[in-house]
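Take a look at the letters that make up each chain.
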Amino acid sequence: MKRFYVVMSLLVLFCTSVSAQSMQNRIAAIVAKYKDTKGVMSMACDDGVKLNVVKSALRRKFGEEFANGIKTFAIIFYKDAAADSADKIVGDVGAITQNLQKVDIADRLKATTKASGYVLLSEDKQSITDLIIVVDAPAPTVIYLGGRFKAEKI
C-alpha cells in the first residue's frame, strides 16, 4: 500500500509539472506561429536579460514576491494585424483559455483598459502556475506569465 501512495504522489507531481510545461509550450507555439506576421509583435522569454527587464517593470507595480515568482513571460501585441490574423490569434488564445479559470482583474487595471484574466492553479489550489491576460482595449494584447504565484482571493 505504501508503494501505491508513493507512485500516486509521483504521478500527481509529474502531471502538475507537465501541465504547467504544456501551457508554456502552447503559448510559445502561438508566439512562434505569429512571429513574422505583419502587424504582430511578440516576444517570449524564460531567462536572461529580457526576463529580468520584465520582472523589474512588474516589481514596481505588483511587488517583489510576485515578480520573483515569474519564470517565463510572453506577449503578443496585434493592434496593427490584419483582421484575419487577429481573428486567428483570438481563436488560438481562446482554445487555451477555455480550460482555465477566469478571474476578475479589474482592480489591477487602469479605468480605460478592458481585459480578462485566466489562471491555472497548482494541484493543491494554493498557487497559480500560469496567468494569461487578454487585453481587448486600448490595444489587443495577450500577456502570459508562468511561474508560481500566491492564489489569493480565487
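Keep in mind the model is a prediction, meaning the values are calculated, not measured. (Residues numbered from 1 in each chain as written. Predicted model: local features only at pLDDT ≥ 70, side-chain atom pairs only at ≥ 80, totals over all residues. Heavy atoms only, no water.)

**Describing the pairing of strand 2 (residues 70–77)**
Pairing analysis gives five bridges linking strand 1 (residues 41–45) to strand 2, with the strands arranged antiparallel. The residue bridging Met43 from the neighbouring strand is Ile75, located in strand 2. As defined by bridge partners, strand 2 adjoins strand 6 (residues 141–150) across seven bridges and the pair is classed as antiparallel. In the strand pairing of strand 6, Ala74 is matched with Tyr144. (Pairing = 2+ DSSP bridges. Helix = DSSP H or I, 4+ residues; strand = E, 2+ residues; numbered from the N terminus.)

**Topic: the confidence of the model for the chain**
Residues with a pLDDT of 70 or more make up 84% of the chain, whose mean pLDDT is 85. With pLDDT under 50 throughout, residues 1–20 is counted as low confidence; its partners more than four residues away or in other chains account for six contacts. (pLDDT = per-residue confidence, 0-100. Contact = heavy atoms within 4.5 Å.)

**Description of the pattern of salt bridges**
Enumeration over the complete set of coordinates arrives at three salt bridges. The partner of Asp92 in a salt bridge is Lys33, and the shortest N-O contact between them spans 3.0 Å. Note that Asp92 is positioned in helix 4 (residues 83–97) and Lys33 in helix 1 (residues 2–33), a separation of 59 residues in sequence. Between Glu64 and Arg59 there is a salt bridge, with the nearest N and O atoms lying 3.3 Å from each other. Judged by its relative accessible area of 26%, Arg59 is partly exposed. (Salt bridge = Lys/Arg side-chain N within 4 Å of Asp/Glu carboxyl O. Buried < 20%, exposed > 50% of the residue type's maximum accessible area, 1.4 Å probe, protein only.)

**What about helix 4?**
Taking 1.5 Å as the rise per residue, helix 4 with 15 residues should run 21 Å; its terminal C-alpha atoms sit 21 Å apart, in good agreement. Buried within helix 4 we find Ser85, Ala86, Ile89, Val93, Ile96 and Thr97. Taken down its axis, helix 4 places every buried residue within 105 degrees of arc, on the same side. Turned more than 90 degrees away from the buried face of helix 4, the exposed residues are Ala83 and Asp87. (Expected span 1.5 Å × (residues − 1). Arc of directions from axis to C-beta.)

**Considering helix 2 (residues 48–62)**
Spanning 15 residues, helix 2 covers 21 Å between terminal C-alpha atoms, matching the ideal 21 Å at 1.5 Å per step. If you check which residues of helix 2 are buried, you get Leu51, Val54, Lys55 and Leu58. Within helix 2, the buried residues cover an arc of 100 degrees as seen down the axis, which keeps them to one side. In this structure, helix 2 carries Val49, Val53 and Arg60 as exposed residues pointing more than 90 degrees from its buried face. Buried positions along helix 2 lie against strand 1, helix 3 (64–68), strand 2 and strand 6.

**Here we look at the nonpolar core**
A general trend in soluble globular proteins is that nonpolar side chains are found buried together. The biggest cluster of nonpolar side chains holds 21 residues, and the ones touching the most others in it are Ile76, Tyr78 and Ile132. Of all the secondary structure elements, the ones that give two or more residues to this core are helix 1, strand 2, helix 4, strand 4 (114–121), strand 5 (127–137) and strand 6. Apart from the residues lying within four places of it in its own chain, the contact partners of Ile132 are Met23, Ile27, Ile96, Thr97, Leu100, Ser116, Gly117, Tyr118, Val142, Ile143 and Tyr144. In this structure, Leu51, Val103, Ala115 and Val119 belong to the second largest nonpolar core, which totals 18 residues. (Core = buried A, V, L, I, M, F, W, Y, C linked by side-chain atoms within 4.5 Å.)

**Some remarks on the packing of aromatic side chains**
The final tally for this structure, using the stated rule, is two aromatic pairs. Measuring from centroid to centroid gives 5.6 Å for Phe62 and Phe66, while their planes differ by 55 degrees, and the two rings are tilted. Each residue in the set Phe62, Phe66 and Phe149 is aromatic and connected to the rest through ring pairs, giving one cluster. (Phe/Tyr/Trp six-rings, centres within 6.5 Å; stacked < 30°, edge-to-face > 60°.)

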